[in-house]
Amino acid sequence: MGKDKFTARLVLAIIAAALGSGFQHGYHTGVINVPQSVLKDWLNSTYEESYGSYLDESFLNVLWGVTTSIMNVGGTIGGLLCGVVSTKFGPKNGLFLNNILVAIATILMGMAKPINSIEVMIVGRLVIGVNCGLNAGLCPMYLSEISPVSLRGAVSSVYQLVITISILVAQIVGLGCILGNDVNWPYLFILPIFFAIFQVITLVLCPESPRYLLGVKHDMHKAEKSLKHLRMTDDIGEEMAEIKHADEAEKALPKVTFKDMVKERSLKIPLLIAMALMVAQQFSGINAVIFYSTDTFVKAGLEGNNPQYATIGIGVVNVLMTVVSVFLVEIAGRKTLLMVGFGGMAIITLLLSIALKFADKDQAIPWICIILVFVYIILFAAGAGSIPWFLVTEIFNQAARPNAVSLAVPTNWIANFIVTLTFPSIESAIGPFVFLIFVILNVGFFIFIMRMVPETKNKTVEEITAQWK
Ligand SMILES: *[C@@H]1O[C@H](CO)[C@@H](O)[C@H](O)[C@H]1NC(C)=O
């Protein structure tokens, strides 16, 4: 009856999980971009108060890089903890308890300015990073485990959509005229606590994942109760049988260890592809473009508040394209979209480095830069942004999938960390030519995808993995 439908309680569970968790992930990724000059001034003056001297430009860039990218260190830790937390507490209770980290991080980051401490700010960013790493693993897990099979794809993509929307929200509230000024900026870091409170209140009303209750807790009675609650019907016999069957099939598969992953050819190659795509996603230059877009627009010659508005335009395009990409991947195919994306980004980053170099030569050039950045975002969001996350699950069978995910996800956070940490320093050393590095990388990724990545659209896992046997 309610088997393949969005019941009110299923929708509540999706909203509670995705909005509560995806918001933290997206918001904290985007929040420090728009008000970066205000925050850098604060770093500079706080450093002077604590250590008696002002910062020079290169050290300020390093300190700024640490403040932004420490979140990725936390994200990596959180990602690695996902398996343990989901087994011990369950995906729902894991998400619920994860809000304790939001509370701690909010206190630290909100306090940093009143008590004049850069260190407290950095520790706060680390803690929220751990929270986001856990969210990124637990939330999609919970979403896919509570959904009927026929709705799983759509429901799982809600998390990515909430992330892009939250990045946009962060960029808007970070505007100088809202909270991103030297008086109000601490509130930027306090605001997300309301989403934690929202999640705590709504998750209490949601059941634990039936698959977890059956597969890990071996509690048939509770699993049935949870499923009846979600589907809002007592007629769950068929779905329960499916869940039981899947659980037994999974237990019958031979265990795959991390050692097998790097030794066996049939696992080594897909693992290489999964990790390479995560690295490619981050090294395509997306962070450079998103994190430093405001800066790029200033260098392109935009003045006053205009660079900030242009950055918000990027956020809007990103959200719209993420919605479009949900349909595109089924029509155009994963491999095609990845090749178009990386090939296109190679060309755009080349044009961008040339345009930025000559930014002061002609009045039209700043506008050309802005158009290039927008095209870049469209190319990125059409495939490179979302495909690596789910391709990982498509090129491994059930037995190897958890290990593959727990290696691929931290790879993404680490690659992201390296780019955010090094970009400001390289940028201040070689200027617009920094984008030439991304040109070379994107050409390399294009060739790699062309030669190594299989098309997975409309294929079963068996068909896909057979070629590596
Ligand atoms: C730090 O602040 C001092 C004093 O306002 C200023 O002279 C210096 O240029 C600032 N450093 C940077 C890197 O902006």
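Residues numbered from 1 in each chain as written. Predicted model: local features only at pLDDT ≥ 70, side-chain atom pairs only at ≥ 80, totals over all residues. Heavy atoms only, no water.

**A few points about the packing of aromatic side chains**
In this structure the tally under the stated criterion is 10 aromatic pairs. Plain terms: the ring middles of Phe-23 and Phe-195 are 3.6 Å apart, the flat faces sit at 5° to each other, and that makes the pair stacked. One end of the pair, Phe-23, is in helix α1 (residues 8-30); the other, Phe-195, is in helix α8 (residues 193-203), with 172 residues separating them in the sequence. Using a relative accessible area of 3% as the deciding quantity, one classes Phe-23 as buried. With relative accessibility at 23%, the residue Phe-195 sits in the partly exposed group. (Phe/Tyr/Trp six-rings, centres within 6.5 Å; stacked < 30°, edge-to-face > 60°. Helix = DSSP H or I, 4+ residues; strand = E, 2+ residues; numbered from the N terminus. Buried < 20%, exposed > 50% of the residue type's maximum accessible area, 1.4 Å probe, protein only.)

**Topic: the side chain of Ser-147**
Among the structural elements, Ser-147 can be located in the loop between α5 (118-146) and α6 (152-173). A distance of 2.4 Å separates a polar side-chain atom of Ser-147 from the backbone oxygen of Leu-143. Non-local contacts of Ser-147, meaning those with residues more than four positions away in its chain, are made with Arg-152, Val-155, Arg-231 and Glu-239. (Polar contact = N/O pair within 3.5 Å; in protein donor to acceptor, adjacent residues only side chain to side chain. Contact = heavy atoms within 4.5 Å.)

**Considering unusual backbone geometry**
Residue Asn-116 is not a glycine yet carries a positive backbone phi of 55°. Tracing the sequence through the fold places Asn-116 in the loop between α4 (91-111) and α5. The exposure class of Asn-116 is partly exposed, given its relative accessible area of 32%. The backbone of Met-232 shows a phi angle near 55°, a positive value even though the residue is not glycine. Mapped onto the secondary structure, Met-232 falls in the loop between α10 (220-231) and α11 (237-252). Taking relative accessible area as the criterion, Met-232 reaches 44% and is therefore assigned partly exposed.

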